[in-house]
Amino acid sequence: MTQKKPASQRKKPSATTATPDSPVRKRVGIGLIVIALLAAGFFLTPVLIVARARTLLARREPQPALAWLDRARWFGTYHGEIEFLRARAYRRLGDLDRFRNSMQAALEQGYPARLLEREQVLMLAQVGRLREVEAKLPDILVNANEDSGEVCEAYVGGLLLNFQQERALAVIDSWSKDYPYDPQPELIRAQVLQNAGRFKEADAAYLQAMKRAPHSSEIKMRRALALLADRKIEPARALLQTLLTDTQYHDRASLQIAHCERVLGNHAQSQAALDQITDPGKLPDEDLKLEQGLLALDQGNFQIAVECLEQVKKLQPRSLEVGHALARALRGAGRIDEATSEAHRVVESEAQLSRVDKLQVEVAGDPANLELRLDIGKTLLKYGDPKRGVSWLQSVLNLDPGNRDANLALGDYYQSLDPPSAENHKLANVYLERARQPSKSPTDSPADKSENEKLLSR
């Protein structure tokens, strides 16, 4: 039996020899773990960032998605996918110059040409140039897999830009069935139906969108505005009151509640709702001034009403609601000649816009009729909403890029804008130059597609 050495004679470990539980070995192990975690983080972080950007794009939040993609660039990996997703974000924002730059960068990084070509088609569809890409869209839709929602949304947007509402609604039907949890198709359906005056159907679509996104304050606000347009004042007020607890929507809801109370004849409650607005600077100035002016008018404070409504008219010179109210306020303030002149302007505008409504019904039955589209666009530029007028004239150019009358009308419009700007001057020159060119067949492509894309994005 071997005798155990006394403790004083046992060999002690040297300072450089690590025992299994020594502090040195523990520190080395921890260091290796930290290095491994850092390495894993370096390789996993860009993956997580790109995934986050894709999620934001799917939620239709392109600006935050771009911020995440900017972070992903720092890691020096996934460049092709990052540039592709940046292109998609810029397409959603309508920034076509940056869209093209990111598409080119993705191509240079070796991103699949098939996916880049599809994104290019979606861009053309989105800005309304369906004539060039509509034949490709069915095949793209069949093979889009998880991106079929992107294809549907771009296709619907293009159809609406060309004022083909019934075809757009047919695409929305399929889109909504394929994506039963996405509120966007129902939200767009509701807007299309609301614009067509089909308020009952529009409200059903809004309710469906709310069912799919029950916590969305934006959808509730849009439904409340649609109820107001249909003069369903009390249901709108009840819905708006549920938004007062949302700090982002509190002031917008308060302004619309003030509108409801005024229409119901509750002037004190209307003023109280206006007083609840915490940050008036975040509201469109014309909306707040209009409500203040209308309340003053209803209370017989004509001078205050005139001051408010004249400010609104500078911002919305063709608004019939503002024109009617201003004529009443001017008459109440004793400015009879001005009131008469404003009333005549409103009557003439109403007659022209009533004619536009009839023409739009005709276009629905004959969507290729460029003369009808041209008439609607020019009339709206003069008597109605200029943005809608521009859209109708651009729908003519989508079908016939060389159409002289449409180019001339748009050139004259941008030239007449006050105050003038370098951008509007450039647009006016582009359109007027096209108007001077020999007329081309509608099947010809525009001579300068790059410039046309910039114009159509407006």
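None of these values were measured; they are calculated from a predicted model.

## Details of the overall build of the protein chain
Phase 1: Broken down by element type, the protein chain carries 24 helices and 0 strands.
Phase 2: By residue count, 43% of the 458 residues in the protein chain fall in the buried class.
Phase 3: Long-range pairs, those at least 24 residues apart, make up 52% of the contacts in the protein chain with a sequence separation of at least 6.
Phase 4: If you sum the accessible surface of the protein chain, you get close to 24,900 Å²; carbon and sulfur atoms cover 54% of it.

## Thoughts on the packing of aromatic side chains
Phase 1: Here the structure, examined in full by the defined rule, presents 4 aromatic pairs.
Phase 2: A centroid spacing of 4.7 Å and a plane angle of 20° characterise the contact between Phe84 and Tyr111, whose relative ring orientation is stacked. With Phe84 in helix 3 (residues 79–93) and Tyr111 in the loop between helix 4 (96–108) and helix 5 (113–126), this residue pair connects regions lying 27 residues apart in the sequence. Taken as a pair, Phe84 and Tyr111 share a single burial class, namely buried.
Phase 3: Ring geometry for Tyr414 versus Tyr431: centroids 6.0 Å apart, planes at 5°, classification stacked. Of this pair, Tyr414 sits in helix 22 (residues 404–416) while Tyr431 sits in helix 23 (residues 422–436), and the two are 17 residues apart along the sequence. Here Tyr414 matches Tyr431 in class, with each residue buried.
Phase 4: Three or more aromatic residues link up through ring pairs in this structure, and these residues are Tyr413, Tyr414 and Tyr431.

## Points about the pattern of salt bridges
Any two side chains of opposite charge can pair, on the condition that their charged atoms come close.
Phase 1: Per the stated rule, a full pass over the model turns up 34 salt bridges.
Phase 2: Between Arg129 and Glu132 there is a salt bridge, with the nearest N and O atoms lying 2.6 Å from each other.
Phase 3: Overlapping salt bridges, with partners in common, bring together Arg60, Arg88, Arg91, Arg92, Glu119, Glu150, Glu153 and Asp182 in one network.

## Points about the confidence of the model for the protein chain
Phase 1: Residues of the protein chain with pLDDT of at least 70 account for 85%, and the chain-wide mean is 85.
Phase 2: Scored below 50 in pLDDT, residues 442–458 shows 47 contacts in the model against residues more than four places distant or in partner chains.

So, how was this worked out
Residues numbered from 1 in each chain as written. Predicted model: local features only at pLDDT ≥ 70, side-chain atom pairs only at ≥ 80, totals over all residues. Heavy atoms only, no water. Helix = DSSP H or I, 4+ residues; strand = E, 2+ residues; numbered from the N terminus. Buried < 20%, exposed > 50% of the residue type's maximum accessible area, 1.4 Å probe, protein only. Contact = heavy atoms within 4.5 Å. Areas by Shrake-Rupley, 256 points an atom, 1.4 Å probe, with all protein chains shown as cover. Phe/Tyr/Trp six-rings, centres within 6.5 Å; stacked < 30°, edge-to-face > 60°. Salt bridge = Lys/Arg side-chain N within 4 Å of Asp/Glu carboxyl O. pLDDT = per-residue confidence, 0-100.

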